[in-house]
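Chain residues, written in single-letter form:
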Amino acid sequence: MAINSAVASAIDVEDVEYVRHGDKPLLARLFKPRGVGPFPLVVELHGGAWCRGDRTNDTLLNEPLAKSGVVVAALDFRMPPDAGYPASMADINYAIRWVKTRAAELGSRPDMIGALGISSGAHQAMLSAMRPRDPRYAAIPLPAGTPAVDATVRAVVMCWPVIDPLARYHYAKKLKAGGKPYPDVVDQVLPCHDQYWQTEAAMAEGNPVLALERGERVEMPPVLYLQGTSDVAHPRPDLDRFVAGYRKAGGQVELELYEGEGQAFITRNPTSPNAARATEKIIEFVHKQIR
């Protein structure tokens, strides 16, 4: 992996407003390598079942990625109770276009943009990448006089995505119906499914797995998919269906499974051997696919 040693440990971090809804600004936390670019730029989307978290969630991953020579733009985006689906998708689509129009000043290029997401953020990263020109997602216009760009990305990194929201909803409801003991995550995610999606029909529509199975015409950038084998929050059958469907449709997926690890293992225990290996894999993939 070729990394500019001059930027291996030197980064600058700042928060900037990238869009505003009424009197509420949305911020991006920028992790910018020092040195001579252009660097790959990754738009990073936090998890939290579409309802919790913010741009600070994944600093333990974003910092080493930036120190390897990658610009990271970690986003805040609209969530319930402010707004449900597809509002966050419109913010994400806009942010990707926004960083493209500012790529040079950020130390990147418009053709060196990727997406990275965690859990529900990984779902949103993949859905955005597959549907970069969806009129609902692209509904927020760039400022007048800004170059015309779309929200296509070069590659997507998904860390334990909720890749099929409808199937995960049914999985969690079945566990709850069976009575306790069941994993604590069930009670954490079910209300958020309802708040963000509102209906099962929406969960089926905004669904990367079902989009493939419906034969939708979608963009298919290379994907890195990471998950622990003991992850009870992100059902393994959903992973298998996505990987099979994406590959069958002609897409490239690198699947990395980490034995015995549960959800969020990179940020919950960042010094563990598997977390270190996963972080290094993400860095390697980004530098390979976005250059």
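Everything that follows concerns the structure shown earlier in this document.
About the thresholds
Residues numbered from 1 in each chain as written. Predicted model: local features only at pLDDT ≥ 70, side-chain atom pairs only at ≥ 80, totals over all residues. Heavy atoms only, no water. Axes fitted to C-alpha atoms, helices over the stretch in contact; angles between N-to-C directions. Helix = DSSP H or I, 4+ residues; strand = E, 2+ residues; numbered from the N terminus. Parallel < 35°, antiparallel > 145°, perpendicular 65-115°, else oblique. Left-handed = near helix turned anticlockwise from the far one by under 90°. Contact = heavy atoms within 4.5 Å. Nonpolar A, V, L, I, M, F, W, Y, C, P; charged D, E, K, R; others polar. Pairing = 2+ DSSP bridges. Core = buried A, V, L, I, M, F, W, Y, C linked by side-chain atoms within 4.5 Å. Buried < 20%, exposed > 50% of the residue type's maximum accessible area, 1.4 Å probe, protein only. Right-handed = clockwise from strand over helix to strand, strands pointing away. Expected span 1.5 Å × (residues − 1). Salt bridge = Lys/Arg side-chain N within 4 Å of Asp/Glu carboxyl O. Lys, Arg positive; Asp, Glu negative; His and termini not counted. Polar contact = N/O pair within 3.5 Å; in protein donor to acceptor, adjacent residues only side chain to side chain.

Q: Sorry if this is basic, but what is going on with the packing of helix α1 (residues 59–67) against helix α11 (residues 273–289) here?
A: A packed helix pair is summarised by two numbers, namely the angle formed by the two axes and the spacing between the axes. Running from amino to carboxyl end, α1 crosses α11 at an angle of 45 degrees, the nearest separation of the two axes being 10 Å. Regarding the angle of α1 to α11, the classification is oblique. Where α1 crosses over α11, the two elements pack in a sense that is right-handed. Within the contact between the two elements, α1 uses Leu61, Pro64 and Leu65 and α11 uses Thr279, Ile282, Ile283 and Val286. The class makeup of the residues in the contact of α1 with α11 is 6 nonpolar, 1 polar and no charged.

Q: Quick question: what am I supposed to make of the sheet that holds strand β5 (residues 113–118) here?
A: Pairing between the strands of a sheet comes from backbone hydrogen bonds, and it takes one of two forms, parallel or antiparallel. Strand order in this open sheet of 8 strands is β1-β2-β4-β3-β5-β6-β7-β8, and the pairing throughout is mixed. Since the sheet does not close on itself, it has two edges, and those belong to β1 (11–21) and β8 (253–258), each with one partner. The sheet shows a mean angle of 20 degrees between the axes of neighbouring strands, direction not considered. Here strand β7 (residues 223–228) pairs with β8 via 6 bridges, running parallel. Directly across from Leu226, in β8, lies its bridge partner Glu256.

Q: Would you mind showing me how to read the nonpolar core here?
A: One broad rule of soluble globular proteins: the nonpolar side chains tend to lie buried together. One finds Tyr18, Leu75, Met126, Met158, Tyr225 and Phe242 to be the most contacted residues of the largest nonpolar core, which totals 48 residues. A per-element tally of this core places helix α2 (residues 87–101) first, with 7 residues. Discounting residues that sit within four places of it in the chain, Met158 has contacts with Gly117, Ala122, Met126, Ile163, Val223, Leu224, Tyr225, Leu226 and Phe242. Core analysis: the next-biggest nonpolar cluster, separate from the first, contains 28 residues, Leu116, Leu224, Leu226 and Ile290 among them.

Q: Looking at this structure, how should I read the pairing of β7?
A: Counted residue by residue, β7 has 6 buried out of 6 residues, so it is predominantly covered. Bridge count for strand β6 (residues 156–159) against β7 is 4 bridges, and the pairing is parallel. In the sheet register, Val157 faces β7, and the bridge partner there is Leu224. Taking the sense of rotation as the criterion, the β-α-β connection linking β7, helix α9 (residues 236–248) and β8 turns out right-handed.

Q: Please clarify how the environment of Met130 should be interpreted in this entry.
A: Relative to the assigned elements, Met130 resides in helix α4 (residues 120–130). For Met130, a relative accessible area of 3% corresponds to the buried category. For the pair Met130 and Ile118, spaced 12 residues apart in sequence, the C-alpha separation works out to 17 Å. Here Met130 is in contact with Pro208, Ala211, Leu212, Val218 and Glu219, once residues within four sequence places are set aside.

Q: Please explain helix α6 (residues 185–197) as it appears in this structure.
A: For the α-helix, the turn length of 3.6 residues means that residues three or four positions removed from each other point alike. The end-to-end C-alpha distance of α6 is 18 Å, a good match for the 18 Å that 13 residues give at a rise of 1.5 Å each. For α6, the full list of buried residues reads Val185, Val186, Val189, Leu190, Cys192, His193, Tyr196 and Trp197. Buried residues belonging to α6 abut α2, α4, α5 (165–177) and α7 (200–205). Of the residues trailing α6, Gln198 is marked for its positive phi of about 75 degrees.

Q: I would appreciate a short explanation of unusual backbone geometry in the present structure.
A: Residues apart from glycine generally show negative phi values, whereas peptide bonds are mostly found in trans. For the bond from Tyr85 to Pro86, the omega torsion is 5 degrees, close enough to zero to count as cis. Within the secondary structure, Pro86 sits in the loop between β4 (71–75) and α2. Look at the link from Lys180 to Pro181: it is a cis peptide, with omega at 5 degrees. Topologically, Pro181 is positioned in the loop between α5 and α6. In the Ramachandran plot, Ala264 falls in the positive-phi region, its phi being about 60 degrees despite a non-glycine side chain. For Ala264, the position within the fold is in the loop between β8 and α10 (265–268).

Q: Hey, could you run me through the pattern of salt bridges in this one?
A: Should the charged atoms of two oppositely charged side chains come close, the side chains can pair. Counted by the stated rule, this structure contains 24 salt bridges. Of the charged contacts in the structure, one is a salt bridge between Glu14 and Lys32, with a shortest N-O distance of 2.6 Å. In this pair, Glu14 sits in strand β1 while Lys32 sits in strand β2 (residues 24–33), placing the two residues 18 residues apart along the sequence. Under the relative-accessibility criterion, Lys32 is labelled buried at 18%.

Q: Looking at this model, I keep getting lost on the side chain of Glu44. Mind explaining?
A: Its place among the elements puts Glu44 in strand β3 (residues 41–45). Within the buried set, Glu44 has no salt-bridge partner at all; the shortest N-O distance to an opposite charge, 9.6 Å, is to Arg29. A polar atom in the side chain of Glu44 sits 3.3 Å from the side chain of Asn62. If we ignore the near neighbours within four places in the chain, the residues touching Glu44 are Asp58, Asn62, Val72, Ala73, Ala74, Leu75, Leu116 and Ile118.

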